[in-house]
Amino acid sequence: MLIVQKYGGTSVGDIERIKNVAKRIVETKRAGNDVVAVVSAMAGETDRLINLAYKLTPDPDLRELDVLISTGEQVSTALVAMAIISLGYKAVSLQNHQIKIVTDSSFTKARIRKIDAYKLNALLDQGIIPVIAGFQGIDEEGNITTLGRGGSDTTAVAIAASLMDYRNDIICEIYTDVDGVYTADPNIVPDAKKLDEISYEEMLELAVSGAKVLQARSVGLAMKYNIPLYVKSSFTDSEGTLITKETQKMIEEVVVRGIASDKNQAKITLLGIPDDPMVIIELFKAIADANIVIDMITQTSSVEGLTDIGFTVSKPDFKKAFEISKDFAKKNGLRNVEGDLNVGKVSVIGIGMVSHAGIASRMFTALARSGIKVQMISTSEIKISCIIKESDVEKAVKVLHEEFKLSETEQRSQRSKIKN
Ligand code: ADP
Ligand code: ASP
Ligand code: MG
């Protein structure tokens, strides 16, 4: 079997941990598998590098920012490769340009276009363990790019997918500081329950909604190529969580699988836009042209030919999106444009929701009972998200986790009720 193992920042956070990671990689190899390691920067390093740039200027050049922040991963690859070699095994560190992880040129949020796995496969055939820098790419012109925060997860899955041309039996293991995917961030809800299994669709929605345990794009890729993804702890030997195709059992088991939250949200509201599709399209085109992703959109019903539109973007994109909105407002003679950085999002996710009514009303009732005001709502077949005040986010996660009885203790008592 070929196992791609990705080790996150805390797992390579110091020399002792790096030795521990090398031991795990070697044990996997010794058990008869081929192993490719993908590593993140040591814990805190990417933040440290970003802070350096922002100390210098409030508006760093993004090409240079990527050159800077990609260095953290290079350090980890060398240290992990050295540690493996010192255990008597063959390993080589590899950076983006050495294995041609080709991306587009969207600095700080580049997307992988292709990876040439020929060289990797040849190394594996020689019994060598490649230790690859996560998070980094290279564009067609040879510029260094990075894949967005948490991007090493995506590197790992993309590497696994690229090796499918050469190998059959491939899995991808993501080693992190928690021992799996939980019903909510265990740092917010200490009583959250670890899931043994979760479907790609649910994991994708959790990740898109802010559960940073996996970068959303890594889940999308794993789903596309049907690569089994395991989230595990590098500090324990516990089973972890398997992310896989949905089963009938998963659909029937629970209605709500988990709660996610995201404080990285900002809201812009434009008041009194002419209710003309061509005008509204012009606004969203200008925002898309600036490479800004919009999350939620709401529109009020038209009064005297005018409507109000609200939308959300990530906090780092707020400044630019607000400027574009203000220009648009001026040009079209709008009443007002409002911006709010003090918002966050809370989401309830589960594939069982497809066949169960009433989840939304339970969600809104529970939030209202706790005095949490919902500002915007969006729904998909398996998710309901609400924009609320940023300072209410943690409380909302706890309230909803309780409302849907997701905790370990609650589920145990539910099971014994069913048995009795
Ligand atoms: P790494 O550095 O290993 O990539 P991350 O910090 O990116 O680790 O992701 C792990 C963190 O994700 C956990 O420490 C936890 O706080 C957070 N997290 C958020 N939601 C969940 C969830 N549903 N299950 C597990 N962890 C979660
Ligand atoms: N080091 C990068 C980050 O902190 C990528 C990663 O860890 O996945 O976002
Ligand atoms: Mg991560």
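Residues numbered from 1 in each chain as written. Chains lettered and ligands numbered in written order. Predicted model: local features only at pLDDT ≥ 70, side-chain atom pairs only at ≥ 80, totals over all residues. Heavy atoms only, no water.

The subject of this paragraph is helix α1 (residues 15–30). Relative to the 22 Å expected for 16 residues at 1.5 Å per residue, α1 spans 22 Å between its end C-alpha atoms, a close match to the ideal helical length. Looking at α1, one finds that the buried residues are I18, V21, A22, R24, I25, V26, T28 and K29. Contacts from the buried residues of α1 go to β1 (2–7), β2 (34–39), α4 (71–86), β6 (129–133), β9 (170–176) and β11 (229–233). Among the residues of α1, the N-terminal cap falls to D14, whose side-chain oxygen and the backbone nitrogen of E16 are separated by 3.2 Å. G32 sits one or two residues past α1 and shows a positive phi near 105 degrees. (Helix = DSSP H or I, 4+ residues; strand = E, 2+ residues; numbered from the N terminus. Expected span 1.5 Å × (residues − 1). Buried < 20%, exposed > 50% of the residue type's maximum accessible area, 1.4 Å probe, protein only. Contact = heavy atoms within 4.5 Å. Polar contact = N/O pair within 3.5 Å; in protein donor to acceptor, adjacent residues only side chain to side chain.)

Once that is clear, we can look at the UniProt feature "binding site: substrate" (unreviewed entry) in the protein chain. UniProt records the feature "binding site: substrate" (unreviewed entry) at T46 and E73, using the numbering of this structure. Spanning 28 residues, the named residues nonetheless gather at one spot, since no C-alpha pair among them exceeds 8.7 Å. The residue T46 is located in helix α2 (residues 45–56) in this model. Assessed through its relative accessible area of 10%, T46 is described here as buried. Ignoring any residue separated from it by four or fewer positions in sequence, one finds T46 in contact with A41, I69, F135 and R149. Residue position: E73 is located in helix α4. (UniProt positions renumbered as here; feature names shortened; annotations may be inferred.)

A word on the packing of aromatic side chains. This structure, assessed with the given rule, holds three aromatic pairs. Judged by centre distance (5.8 Å) and plane angle (75 degrees), the ring pair of F284 and F311 falls under edge-to-face. Taken as a pair, F284 in helix α11 (residues 277–289) and F311 in strand β15 (residues 306–313) lie far apart in primary sequence, 27 residues in all. Note on F284: relative accessible area 19%, which makes it buried. Between the aromatic rings of F318 and F322, the centroid separation amounts to 5.1 Å while the plane-to-plane angle is 20 degrees, which identifies the pairing as stacked. In this pair, F318 and F322 both sit in helix α12 (residues 315–332), four residues apart, roughly one turn of the helix. The aromatic ring of Y230 is capped on one face by K232, whose charged end is 5.4 Å from the ring centroid. (Phe/Tyr/Trp six-rings, centres within 6.5 Å; stacked < 30°, edge-to-face > 60°. Lys NZ or Arg CZ within 6 Å of the ring centre and 35° of its normal.)

Its 16 residues give α4 an end-to-end C-alpha distance of 23 Å, which sits within 8% of 22 Å, the value for a rise of 1.5 Å per residue. Within the span of α4, buried status applies to G72, E73, S76, T77, V80, A81, A83 and I84. For α4, the buried positions fall inside an angular range of 160 degrees around the axis, keeping them on one side. Across from the buried face of α4, at angles greater than 90 degrees, the exposed residues are M82 and S86. Of the residues one or two after α4, G88 is the one with positive phi, at around 90 degrees. (Arc of directions from axis to C-beta.)

This brings us to the sheet that holds strand β16 (residues 336–349). Either a parallel or an antiparallel arrangement is found when strands of a sheet pair, and the pairing is made through backbone hydrogen bonds. Strand order in the open sheet formed by six strands is β14-β15-β13-β16-β18-β17, and the pairing between neighbours is antiparallel. Strand pairing shows two members of the sheet lacking a second neighbour, β14 (297–299) and β17 (376–380), which therefore form its edges. Between one strand axis and the next, the sheet turns by 25 degrees as a mean value, whatever way the strands run. In the sheet, β16 pairs with strand β18 (residues 383–389) via seven bridges, with the strands oriented antiparallel. Pairing of V348 across the sheet is with I384, part of β18. Lying on the sheet, helix α8 (residues 200–208) is in contact with β13 (258–274), β16, β17 and β18; it crosses β16 at an angle near 145 degrees. Helix-sheet contacts for helix α13 (residues 359–369) involve β16, β17 and β18, and the interaxial angle to β18 is about 20 degrees. (Pairing = 2+ DSSP bridges. Axes fitted to C-alpha atoms, helices over the stretch in contact; angles between N-to-C directions.)

Turning our attention to the sheet that holds β11. Within the open sheet, the eight strands sit side by side as β3-β6-β2-β1-β9-β11-β12-β10. Their pairing is mixed. Two strands lie at the open edges of the sheet, namely β3 (91–94) and β10 (197–199), each paired on one side alone. This sheet shows a mean twist of 20 degrees between the axes of neighbouring strands, independent of strand direction. As paired elements, β1 and β2 share six bridges and run parallel to each other. Directly across from Q5, in β2, lies its bridge partner A37.

A separate point is the site of ligand 2. Neighbouring residues of ligand 2: S40, A41, T46, E73, F135, R149, G150, G151 and S152. Within the side chain of R149, an N or O atom sits 2.7 Å from an oxygen atom of ligand 2. Within the backbone of G150, a nitrogen or oxygen atom sits 2.9 Å from an oxygen atom of ligand 2. Protein burial of ligand 2: of its 260 Å² of free accessible surface, 86% is covered by the chains. Of the residues that constitute the shell around ligand 2, the class distribution is two nonpolar, five polar and two charged. (Near = heavy atom within 4 Å. Areas by Shrake-Rupley, 256 points an atom, 1.4 Å probe, with all protein chains shown as cover. Nonpolar A, V, L, I, M, F, W, Y, C, P; charged D, E, K, R; others polar.)

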